[in-house]
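Fold and geometry: a report
Given next are the chains, with one letter for each unit.
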Amino acid sequence: MRGAPLEEGLTPFIARGFNNSNTWMLQRVRKAWERVQKKDKELRGSSNGPIGGYRRRLKAHAQGLDWLPNLRTTKEVEGEALEEDEEVQALKTELGRAQTAKEKFKSAAVRIRKENTELRDVNIATIRALEQETKRARKEEHGWNKFRVALWVSNRELKLRREERDQS
């Protein structure tokens, strides 16, 4: 199947009307077509020729060439291996440094998180103690105010009695 489904192929679904079963079947047809298209793209190369055939021909052609592996000399291979080894060693040391730095940052983050938790606990305890002290102070002040009012009332009564006594 090449290309999108033809309208003639979809006409029976459209002609019967769009009820649940017909729309479901139309969706299945569309999804099946999308899967076929994706598969088609996977099997083709950039020149739209089949990939498998080219690879088989190339492999058969390369098997007949016994001189191909001898083109590279051992010195070139050793030189490249040494360069790669030096690069690999440099990358490994850099990776090791990065991992130690990561571990240092991780331990610092854990330590800071722990200190933060401890300080938060201290802060919460301080807030609770301050609230309790404030409540106690308000109660005490309220008691002093009651006492002050009672003293003021008794003082007023004494003054009135003295004035009455002085007048009589």
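Okay, the overall build of the chain next. Looking only at helices and strands, the chain features four helices and zero strands. Taken from N to C terminus, the helices and strands of the chain fall in the order α-α-α-α. A buried classification covers 4% of the 168 residues belonging to the chain. Accessible surface, the chain: about 16100 Å² in total, of which carbon and sulfur atoms supply 56%.

Further remarks concern a positive patch on the surface. On the surface, Arg 156, Lys 159, Arg 162 and Arg 165 cluster together into a positively charged patch. Its place among the elements puts Arg 162 in helix H4 (residues 74–167). Of the residues examined, Arg 162 reaches a relative accessible area of 47% and is grouped as partly exposed.

According to the stated counting rule, one finds three salt bridges in the structure shown. One salt bridge in this structure joins Arg 111 and Glu 115, with 3.7 Å as the shortest N-O distance. Of the two residues, Arg 111 and Glu 115 both sit in helix H4, four residues apart, roughly one turn of that helix. Residue Arg 111 is classed as partly exposed on the basis of its relative accessible area of 47%. Classification of Glu 115 as partly exposed rests on a relative accessible area of 38%. Linked through salt bridges whose partners overlap, the residues forming this network are Glu 133, Arg 136 and Glu 140.

The relative placement of two aromatic rings is captured by the distance of their centres and the angle of their planes. Enumeration over the complete set of coordinates arrives at one aromatic pair. Their ring planes at 80 degrees and their centres at 6.2 Å tell us that Trp 144 and Phe 147 sit as a pair that is edge-to-face. Highlighted residues: Trp 144 and Phe 147, both in helix H4, separated by three residues, approximately one helical turn. The exposure class assigned to Phe 147 is partly exposed, which follows from its relative accessible area of 48%.

Parameters at a glance
Residues numbered from 1 in each chain as written. Predicted model: local features only at pLDDT ≥ 70, side-chain atom pairs only at ≥ 80, totals over all residues. Heavy atoms only, no water. Helix = DSSP H or I, 4+ residues; strand = E, 2+ residues; numbered from the N terminus. Buried < 20%, exposed > 50% of the residue type's maximum accessible area, 1.4 Å probe, protein only. Areas by Shrake-Rupley, 256 points an atom, 1.4 Å probe, with all protein chains shown as cover. Patch = residues over 30% accessible without salt bridge, like charges linked within 9 Å, V, L, I, M, F, W, Y side chains within 5 Å. Salt bridge = Lys/Arg side-chain N within 4 Å of Asp/Glu carboxyl O. Lys, Arg positive; Asp, Glu negative; His and termini not counted. Charge placed at Lys NZ, Arg CZ, Asp CG, Glu CD. Phe/Tyr/Trp six-rings, centres within 6.5 Å; stacked < 30°, edge-to-face > 60°.

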